[in-house]
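Chain and residue survey
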Amino acid sequence: MSTSASDIRQPVRNTFLVFGAPAIGEAEIQEVVDTLRSGWLGTGPRCERFEESFRQYIGCRHAIALNSCTAGLELALEAAGVGPGDEVITTPLTFCATANVIVHRGATPVFVDVERETGNIDPERVDRAVTSRTRAILPVHLYGRPCRMDELLEIGRRRGLYVIEDAAHATEAWYRGRKVGSIGDATVFSFYVTKNMTTGEGGMVTTNHDAWAEEMRVKKLHGLSKDAWKRYSADGFQPYDVLAAGYKFNMTDLQAALGIHQLARLEENLKIRQRYWAMYEEALLEMSEVVMLAKPSEDLLSVDRHARHLFTILVMPELAGMSRWEFVDALKAANIGTGIHFLALHLQTYYRDRFGHQPGAFPNAEYIAARTVSLPLSVSMSDEDVRDVISAVKSVLRRKTSTGML
Ligand SMILES: *Cc1c(COP(=O)(O)O)cnc(C)c1O
């Protein structure tokens, strides 16, 4: 078999495999059509239905549907009283939204390093980073793996801090027998297109604090008093009051129409991704050029659950004979789309300039950020698609290594 350099650039399939393509069923399509025909497109009865199903799925006191996870993070920080001069401890290995919302509150994001084995925030480092200005901890359940919540909650209790979770990756996750979304002070989920369930754009915040829920409900819709969305319904126009300078963060019934049916299929879709995950794991275990993060803990499988949002590998440049970007390029040429989750946030221009972060500040996050590649892991894929990804990864690495390029 030829091992010329051009071989690396051969597609393994005829069509491009889009990373994170959503799986939309007939039920969603019909519900959207019904919503359009109902004449009620904005926040309304379908949002209420979706919130109640989601609340029951999580097992918490309140679930509030929003137009994004980012909006929910901002509302939760505001409910926690985070404001100018405060510090919020979070991870540098996350999407920028996690820290941007802290900045929006006039507060300072204080990054602490992650665990090399999981990519999740390291509770010991969180404890050491607490100051008199710290008001909250904002962990991210990275890739779908729950953070060490017992330790984080214990730090929160001991030091008087709220714990607000970014669960954008972790809708199906469990931690020590408790559902993520029912554990911390507030938890925020994302229904962005690439996430485990989608409403196109959308999010949900859950909490067990009645007062927080009340505040977030009002602030998500301009600060209008309760049930103001009904002001054009058959109940007739009721006088409302403006209780706060709120936001335009509400979900619409068109989005909820998708969410209701995406939620109904969430658990069966997880089983499909668990199976694809196992196929990847088995195929890639033997390849020294790539390394996987720690396996989701098997012994705790009955009480801990990884939501299998992102299957990531670390490309080891010395062993692979190519950089992470060259690997991503070669996969693209093979017609396989990939993702990067994430580039180190503290080294992005804004965070560098504003807070003076330097390379080397968070070695574990930087190590993962420099090597990580997310392989497609979507229910819209077939078994054949998964096999295509595996053979593309293998042929890209084997050919590159055997030609001794670079
Ligand atoms: C997707 C994502 C968000 C933002 O979610 P939106 O619904 O797009 O606002 C926040 N945090 C993490 C870790 C994410 O992956």
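Heads up: the structure comes first, above all this text.
Neighbouring the ligand are 15 residues; Thr70, Asp166, His169, Ser190 and Lys195 lie closest to it. At a separation of 2.5 Å, an oxygen atom of the ligand approaches a polar side-chain atom of Thr70. Between the ligand and Asp166, the relevant distance is 2.7 Å, taken from a nitrogen atom to a side-chain nitrogen or oxygen of the residue. Considered on its own, the ligand offers 390 Å² of accessible surface; in the complex 93% of this is hidden by protein. Of the residues that constitute the shell around the ligand, the class distribution is six nonpolar, seven polar and two charged.

The buried fraction of strand S1 (residues 62-66) amounts to five of the five residues, a majority that puts the element mostly inside the structure. Both S1 and strand S9 (residues 203-207) contribute to a ladder of five bridges, which runs antiparallel. For Ile64, the partnering residue across the bridge sits in S9 and is Val205.

It is worth spelling out the packing of helix H2 (residues 45-58) against helix H8 (residues 253-264) at this point. Contact geometry of H2 with H8 gives a least axis separation of 8 Å together with a crossing angle of 30 degrees. Judged by the inter-axis angle, H2 sits roughly parallel to H8. Of the two elements, H2 crosses H8, and the hand of that crossing is left-handed. Contact residues: Pro45, Arg46, Cys47, Arg49, Phe50, Ser53, Phe54 and Tyr57 in H2; Asp253, Ala256, Ala257, Gly259, Ile260 and Leu263 in H8. Grouping the constituent residues of the contact of H2 with H8 by class yields nine nonpolar, two polar and three charged.

Grouped together as the largest cluster of nonpolar side chains are 38 residues, with contacts concentrated most on Phe50, Phe54, Ile89, Val126, Met149, Phe191 and Met204. Discounting residues that sit within four places of it in the chain, Ile89 has contacts with Val110, Val112, Ile121, Val126, Ala129, Val130, Thr134, Ala136, Ile137 and Leu138.

Let's shift gears to the side chain of Thr171. Inspection of the secondary structure puts Thr171 in the loop between strand S5 (162-166) and strand S6 (174-175). Residue classification places Thr171 among the buried residues on the basis of a relative accessible area of 2%.

Turning our eyes to something else, we now look at a nonpolar patch on the surface. Nonpolar side chains collect at one region of the surface, where Tyr232, Phe237, Tyr240 and Val242 lie side by side and expose about 480 Å² of accessible area between them. As for its position among the elements, Tyr232 is in the loop between helix H7 (210-219) and H8. Under the relative-accessibility criterion, Tyr232 is labelled exposed at 62%.

On to the sheet that holds strand S2 (residues 87-90), then. The mixed open sheet is built from seven strands, whose spatial order is S1-S9-S8-S5-S4-S2-S3. Among the strands making up the open sheet, the edge pair consists of S1 and strand S3 (108-111). Across the sheet, the axes of successive neighbouring strands diverge by a mean angle of 25 degrees, strand direction being ignored. In this sheet, S9 lies alongside strand S8 (residues 186-190) in antiparallel orientation, the contact comprising five bridges. When the sheet's bridge partners are listed, Val188 is paired in S9 with Val205. Sitting on the sheet, helix H6 (residues 149-159) is in contact with strand S4 (134-138) and S5, with an inclination near 145 degrees to S5.

Cut-offs applied
Residues numbered from 1 in each chain as written. Predicted model: local features only at pLDDT ≥ 70, side-chain atom pairs only at ≥ 80, totals over all residues. Heavy atoms only, no water. Near = heavy atom within 4 Å. Polar contact = N/O pair within 3.5 Å; in protein donor to acceptor, adjacent residues only side chain to side chain. Areas by Shrake-Rupley, 256 points an atom, 1.4 Å probe, with all protein chains shown as cover. Nonpolar A, V, L, I, M, F, W, Y, C, P; charged D, E, K, R; others polar. Buried < 20%, exposed > 50% of the residue type's maximum accessible area, 1.4 Å probe, protein only. Helix = DSSP H or I, 4+ residues; strand = E, 2+ residues; numbered from the N terminus. Pairing = 2+ DSSP bridges. Axes fitted to C-alpha atoms, helices over the stretch in contact; angles between N-to-C directions. Parallel < 35°, antiparallel > 145°, perpendicular 65-115°, else oblique. Left-handed = near helix turned anticlockwise from the far one by under 90°. Contact = heavy atoms within 4.5 Å. Core = buried A, V, L, I, M, F, W, Y, C linked by side-chain atoms within 4.5 Å. Patch = residues over 30% accessible without salt bridge, like charges linked within 9 Å, V, L, I, M, F, W, Y side chains within 5 Å. Salt bridge = Lys/Arg side-chain N within 4 Å of Asp/Glu carboxyl O.

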